Amino acid sequence: MTITKTLTDWYSVNKRDLPWRRTKNPYHIWLSEIILQQTQVNQGLPYYEVFVSNYPTIFDLANAKESAVLKLWQGLGYYSRARNLHTTAQYIVKELSGRFPDNYKALLKLKGVGDYTASAIASICFDEVCAVVDGNVYRVLSRYFGVKTPINSSIGQKEFKALAQQLIDKNNPAEFNQAIMDFGSRQCKPKSPDCSVCPLQNDCQAYINNSIANLPVKVKKTRVSKKHFNFLVFISHDNKTILEKRTQRGIWQNLYQFPLVETQSSIKYNEMKSHLKTFPITNNGYDRLSLFNKEDIIHKLSHQHLHTKFWIVEIEHLPKQSILIEKIRDYPVPVLLSNFIEAFNF
DNA sequence: AAGCCGGGGGT
DNA sequence: ACCCCAGGCTT
């Protein structure tokens, strides 16, 4: 039995019933694939339901405001996906009259759509024989064939793409692609895979050589940098506060935050007080400065640890760009801030 | 080729 | 503490 047949047989029995598997609508498949980039099914599932419900068609998404899209995306991370999603929806509506691209080459031109996503949409929606290579595919193939080429090298990416393309079921590329991904996700897991009941056990090179834990090979380690964030939570006597849009490139682009003072190290009350005096809006003084969290809140991103203090600044009057505190939940904010907003009783 | 971009979950 | 996730973009 070939690995192709084994995988599709396994899938026919173990296939999960997921909402994006009940449709071939390219708009819906595209939505699901963008949401699932670097995101596990269980985390992405509720977001998919929300997006389909709020934006039933690509026209609805194109007509939305970016901040509304980001608000629905809030908490999912990698926010460039949401920005690209919106941009691409507008592009398809305006330039392609709302007709979704229907082949790999054309799909690849869309912003936010790379080799994996173009292959997924082309195969699932249009039966194009295009093999997907995601984290699951790397793992299954590297173990089964004992391939030690690093999966995050350009040579490795080409090698695994060619291998997957060679194995794909040409009569049913959609089923094969989803089969190998589902298999990797639920059977051939990164840690403690279920080898004892694996249908590929007899031919799996990694299992035979007892090297399951060493495959796939991945080089480079992400270095984590440490940053110190001080957020200024202004509260005026007429129940307003200040939120700023992060317009610069980098994390959380186009999300909102309280005015931020980034420092090289953890600062104390008096140092914050000096910083505060340099703020134009405090020219007329403020009533009180207090620290919300005694211990730093350490917000861990994949490549940064954010040591965070929330400073409460009670103030008589705020300028016009301030917002009503009761409207604060309308704005898309990072999880770090939404956690604070929920914890702090304004 | 390497770095950047989130947040949640598993071990 | 470290790894991974239905990756893609920028430099």
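Residues numbered from 1 in each chain as written. Chains lettered and ligands numbered in written order. Predicted model: local features only at pLDDT ≥ 70, side-chain atom pairs only at ≥ 80, totals over all residues. Heavy atoms only, no water.

With an unreviewed UniProt entry as reference, chain A is termed Adenine DNA glycosylase, source organism Lacinutrix iliipiscaria. Regarding chain A, the UniProt comment filed under Function (unreviewed entry) reads as follows: "Adenine glycosylase active on G-A mispairs. MutY also corrects error-prone DNA synthesis past GO lesions which are due to the oxidatively damaged form of guanine: 7,8-dihydro-8-oxoguanine (8-oxo-dGTP)." (UniProt positions renumbered as here; feature names shortened; annotations may be inferred.)

*Asks:* How do you make sense of helix α1 (residues 3–14) when you look at a structure like this?
*Replies:* An α-helical turn contains 3.6 residues, so a residue and the one three or four places further along point in the same direction. Relative to the 16 Å expected for twelve residues at 1.5 Å per residue, α1 spans 16 Å between its end C-alpha atoms, a close match to the ideal helical length. Structurally, α1 contributes buried residues whose contacts are with α9 (135–145), α10 (154–167) and α11 (173–186). (Helix = DSSP H or I, 4+ residues; strand = E, 2+ residues; numbered from the N terminus. Expected span 1.5 Å × (residues − 1). Contact = heavy atoms within 4.5 Å.)

*Asks:* Would you mind showing me how to read the protein's contact with DNA strand C here?
*Replies:* Surveying the vicinity of DNA strand C reveals 25 residues, the closest of which are Arg21, Gly112, Thr117, Asp134 and Arg139. Within 4 Å of the protein, atoms of DNA strand C come from sugar and phosphate in 70% of cases. Between Gly135 and DNA strand C, the recorded distance is 3.2 Å, taken from a backbone N or O atom to a phosphate oxygen. A distance of 3.0 Å separates a phosphate oxygen of DNA strand C from a polar side-chain atom of Asn136. Breaking the surface near DNA strand C down by element, the ones donating at least two residues are α8 (115–126) and α9. Partitioned by chemical class, the residues of the surface near DNA strand C number seven nonpolar, nine polar and nine charged. (Near = heavy atom within 4 Å. Polar contact = N/O pair within 3.5 Å; in protein donor to acceptor, adjacent residues only side chain to side chain. Nonpolar A, V, L, I, M, F, W, Y, C, P; charged D, E, K, R; others polar.)

*Asks:* Teacher, can you tell me more about the protein's contact with DNA strand B here?
*Replies:* As a matter of local geometry, DNA strand B sits amid 24 residues, with Ser154, Ile251, Trp252, His299 and His303 nearest to it. Among the atoms of DNA strand B lying within 4 Å of the protein, the sugar-phosphate backbone contributes 65%. Between a phosphate oxygen of DNA strand B and a side-chain N or O atom of His299, the distance comes to 2.7 Å.

*Asks:* Just checking my understanding: could you explain the pattern of salt bridges for this structure?
*Replies:* Two side chains of opposite charge can pair, provided their charged atoms sit close to one another. For the structure shown, the criterion picks out twelve salt bridges. The salt bridge partner of Arg186 is Asp182, with a shortest N-O separation of 3.9 Å. Of the two residues, Arg186 and Asp182 are both situated in helix α11; the distance of four residues between them amounts to about one turn of the helix. Since its relative accessible area comes to 33%, Arg186 is described here as partly exposed. One network of salt bridges, with partners in common, ties together Arg16, Arg21, Asp182 and Arg186. (Salt bridge = Lys/Arg side-chain N within 4 Å of Asp/Glu carboxyl O. Buried < 20%, exposed > 50% of the residue type's maximum accessible area, 1.4 Å probe, protein only.)

*Asks:* I'm lost on the nonpolar core in this one. Help?
*Replies:* In summary, soluble globular proteins display a tendency toward joint burial of nonpolar side chains. One finds Trp30, Trp73 and Phe258 to be the most contacted residues of the largest nonpolar core, which totals 61 residues. Looking at which element gives the most residues to this core, the answer is helix α2 (residues 26–35), with six residues. When near neighbours in sequence (up to four residues on either side) are disregarded, Trp73 contacts Ile34, Ile35, Tyr47, Phe51, Tyr78, Tyr79, Arg81, Ala82 and Leu85. (Core = buried A, V, L, I, M, F, W, Y, C linked by side-chain atoms within 4.5 Å.)

*Asks:* What exactly am I supposed to notice about the packing of α8 against α11 here?
*Replies:* At a minimum axis distance of 7 Å, the contact between α8 and α11 shows a crossing angle of 130 degrees. Taken together, the axis directions place α8 and α11 in an arrangement best described as oblique. The element α8 and its partner α11 pack so that their crossing is left-handed. On α11, the residues touching Tyr116, Ser119, Ser123 and Ile124 of α8 are Pro173, Ala174, Asn177, Gln178 and Met181. Residue classes in the contact of α8 with α11 are distributed as five nonpolar, four polar and no charged. (Axes fitted to C-alpha atoms, helices over the stretch in contact; angles between N-to-C directions. Parallel < 35°, antiparallel > 145°, perpendicular 65-115°, else oblique. Left-handed = near helix turned anticlockwise from the far one by under 90°.)

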